[in-house]
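# Residue-level structure breakdown
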Amino acid sequence: MHIDDLRALAPMWLSKTEEVRADTAHWSTNITGDIYGKGWISEMYGYSFGAAEVGLRHKINDNLMIYPGYIPREGVEPILMHYGLPFSVGNWSFSKLEHHEDGLVYECGRLFPEPPYPREVIAMEANEHKRRGLFLNLECINTLNQGLVIQDAAFGCPKPKWSKYLSFLKSKNFANMTRPKGLTPQSLQIMETHHEEPKVEEPKIDEPPNANTKIHTLFSTECIPYFDWQTVGMMHSFKLSGQPGNITRLLSCTDEELKKYKGHDLAPTHYVPSMSRHPLTGDWYPAINKPAAVLHWLNHVETDAEYIVILDADMIMRGPITPWEFKAARGKPVSTPYDYLIGCDNELAKLHTSHPEACDKVGGVIIMHIDDLRKFALLWLHKTEEVRADTAHYGKNITGDIYESGWISEMYGYSFGAAELKLHHVINNDIMIYPGYPPAPGVNYRVFHYGLEFSVGNWSFDKANWRTIDLVNECWAKFPDPPDPSEADQTNEDFKQRDLLSIECGRTLNEALRLHHEKRRCGDPNSLAPPDLETVNDQFEEIDHVKSNVTSETVEDSSLPEESSQTFLHFRFWMIFLWVSSVVGFGIVMMLILKGRKGQKKRAKGVKARRRSSHTGFWEVNELDRTPL
């Protein structure tokens, strides 16, 4: 099925399954065909009725799947075996229902009952077509048993004792039976045959608006570790969300930052000159990079996308954000509410837009037609600069900014720029939620915006606490694990759902980091690898070589493993230093010994001379000379 058809069918499949399951009055076998009459095949009807509801007509092929126990069509090689029904070969039989509670996967050496061998089937069945069906039965059960043998080995079970059956499962004969199957010429011919069907007038179905529209998702970051771990979280959630189209990170960096930056491979990236420090005013305001980067992307990238989805880096996607679902249109973008932008209702809007009545208090998630964005992006940047420069109106009572620092100037730049073009937004409360806020009942939010601190019990998370910590380049670095969902507040349902969403957000970030570290081949975080003895021996041989040639050349060893070469060179330096120090020390000691011997000879001659001197003359020596040393 095409992904677009599946997106249309899936909610209807679920809805119709629930509907049929609830229709207990029509469970009987004569109506449903269910031999148990218990509504067990409601899901199958849910699929068929859901597909009919959205107008999907199936091409039905009987050459793809077979139930073991059935005889395949002549010339057809089934690609799938569905062992949902009992099947047998001679006196041997298998039914999956008999093993409903069986834990044989976790018990070493246990297999399903051994079936007959192929030569026994040849002896018991002369009809070639029936024999083909029996061979398929053998292939099915033997494949299951082979899977169990492989699972036992992976589970660490002792090596099983030799048996004729295990030997058969490892034989070339069995390998030939279970080799991958392809479509036969007969199967291809069946698929190409066009059967005339009675013409049935299909009901007109209203397609979702812009259902085939191309979408491109953007988010803005900078060359600092703070945005790197946010990028890892965003990219992980984007892949899981089912969001159509491509995604691009808008990376704003100075030339110096870019030279040192390590995270080029974290996301598909468009590089943008940083405006954190305004090139004209010198104002330090990194938030301006968002409109500047969007404008730069529009001016430097050719895109065939009709709608652009703009997100913040500190967001986690939980599902697709599409213009057709949320009713975006040209001239009518969609966004989420930022109710604290009170400047839309006071003199701030009158100062900075000629259409204050068109000012919408929105932001965060934006879905906008590309034509509107091309007209709007420059105004977004211009109005951001204008509001940022209006320091006289930074007050909380005017802007709603609790810090009164003009930090949300970019948000007003967006609202005032859109108002200039009279772009009225569809304001949707069901797209985004801040973790820590109680969710509205029944709403499936598509985005977590973890811009504010949130907590569950004694655990809490505030992105600001991780501004300078490099979680991406340090192996296995992560955030403190959130609590188990069982620890969610049970006081009432609102608090419980609030805590469950907060836990989900924290877990998603940590899972994104774990997968990132695995991709970087960080190794097993729970164990240290033993040293490579060959490498160690080679290293010590190199040390001996260095000792004998220390004065001849600078030591370099490019043959060492890249990750250990720097440490090893450091080690060799100290070995050389100790060796040279020993030689110099030995020389000094020898010089002192030789010098001492010469001194002893001179003192001996002096003693002899003094002995020849008179007693009176001895006491005429200077008083200092009589002082013992």
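Definitions and limits used
- Residues numbered from 1 in each chain as written.
- Predicted model: local features only at pLDDT ≥ 70, side-chain atom pairs only at ≥ 80, totals over all residues.
- Heavy atoms only, no water.
- UniProt positions renumbered as here; feature names shortened; annotations may be inferred.
- 1 Å grid on protein atoms, 1.4 Å probe; cavity = no way out; pocket = protein on both sides within 12 Å on 5 of 7 lines; lining within 4 Å.
- Points joined across faces, edges and corners; volume = space filled by probe spheres on them.
- Nonpolar A, V, L, I, M, F, W, Y, C, P; charged D, E, K, R; others polar.
- Patch = residues over 30% accessible without salt bridge, like charges linked within 9 Å, V, L, I, M, F, W, Y side chains within 5 Å.
- Areas by Shrake-Rupley, 256 points an atom, 1.4 Å probe, with all protein chains shown as cover.
- Salt bridge = Lys/Arg side-chain N within 4 Å of Asp/Glu carboxyl O.
- Helix = DSSP H or I, 4+ residues; strand = E, 2+ residues; numbered from the N terminus.
- Buried < 20%, exposed > 50% of the residue type's maximum accessible area, 1.4 Å probe, protein only.
- Core = buried A, V, L, I, M, F, W, Y, C linked by side-chain atoms within 4.5 Å.
- Contact = heavy atoms within 4.5 Å.
- Pairing = 2+ DSSP bridges.
- Axes fitted to C-alpha atoms, helices over the stretch in contact; angles between N-to-C directions.

As recorded in an unreviewed UniProt entry, the chain goes by Hydroxyproline O-arabinosyltransferase-like domain-containing protein and comes from Artemisia annua. What the UniProt record of the chain gives under Subcellular location (unreviewed entry) is the line "Membrane".

For the structure shown, the criterion picks out two cavities of 30 Å³ or more. The space that makes up the largest cavity amounts to roughly 50 Å³. Considering the residues around the largest cavity, the lining is formed by Val387, Asp390, His393, Tyr394, Thr399, Asp401, Gly406, Ile408, Ser409 and Tyr412. Looking at the lining of the largest cavity residue by residue, the classes come out as four nonpolar, four polar and two charged.

So, on to a nonpolar patch on the surface. A cluster of nonpolar residues, Leu64, Met65, Ile79, Leu80 and Leu183, forms a patch on the protein surface that exposes about 410 Å² of accessible area. Within the fold, Leu64 resides in the loop between helix 3 (42-53) and strand 1 (65-66).

Let us now look at unusual backbone geometry. Backbone geometry at Lys327 places phi at a positive 65°, although glycine is not the residue there. For Lys327, a relative accessible area of 52% translates into the label exposed. Of note, the phi angle at Trp476 is positive, near 65°, even though the residue is not glycine. Position of Trp476 relative to the elements: it lies in the loop between strand 16 (459-461) and helix 16 (493-519). With a relative accessible area of 24%, Trp476 lands in the partly exposed category.

Moving on, we come to the nonpolar core. Counting residues in each nonpolar core, the largest one holds 66 residues, and the members touching the most others are Trp229, Ile321 and Phe461. Examining the composition of this core, we find that seven residues originate from one element, helix 9 (residues 225-241), more than from any other. When near neighbours in sequence (up to four residues on either side) are disregarded, Phe461 contacts Trp229, Tyr450, Leu452, Glu453, Phe454, Trp466, Phe479 and Leu509. Counting residues in hydrophobic clusters, the runner-up holds 28 residues, among them Leu250, Val294, Ile366 and Ile370.

What follows is about the sheet that holds strand 8 (residues 307-312). By way of backbone hydrogen bonds, the strands of a sheet pair with one another, either parallel or antiparallel. As summarised here, the arrangement of the seven strands in space is 7-6-5-8-11-10-12, forming an open sheet in which the pairing is mixed. The sheet is open, and its two borders are formed by strand 7 (269-273) and strand 12 (426-427), each paired with just one other strand. Taken together, the five bridges between strand 6 (residues 246-253) and strand 7 define a ladder with parallel strand orientation. What sits directly across from Leu251, in strand 7, is Tyr271. Sitting on the sheet, helix 13 (residues 370-389) is in contact with strand 8 and strand 11 (362-369), with an inclination near 135° to strand 11.

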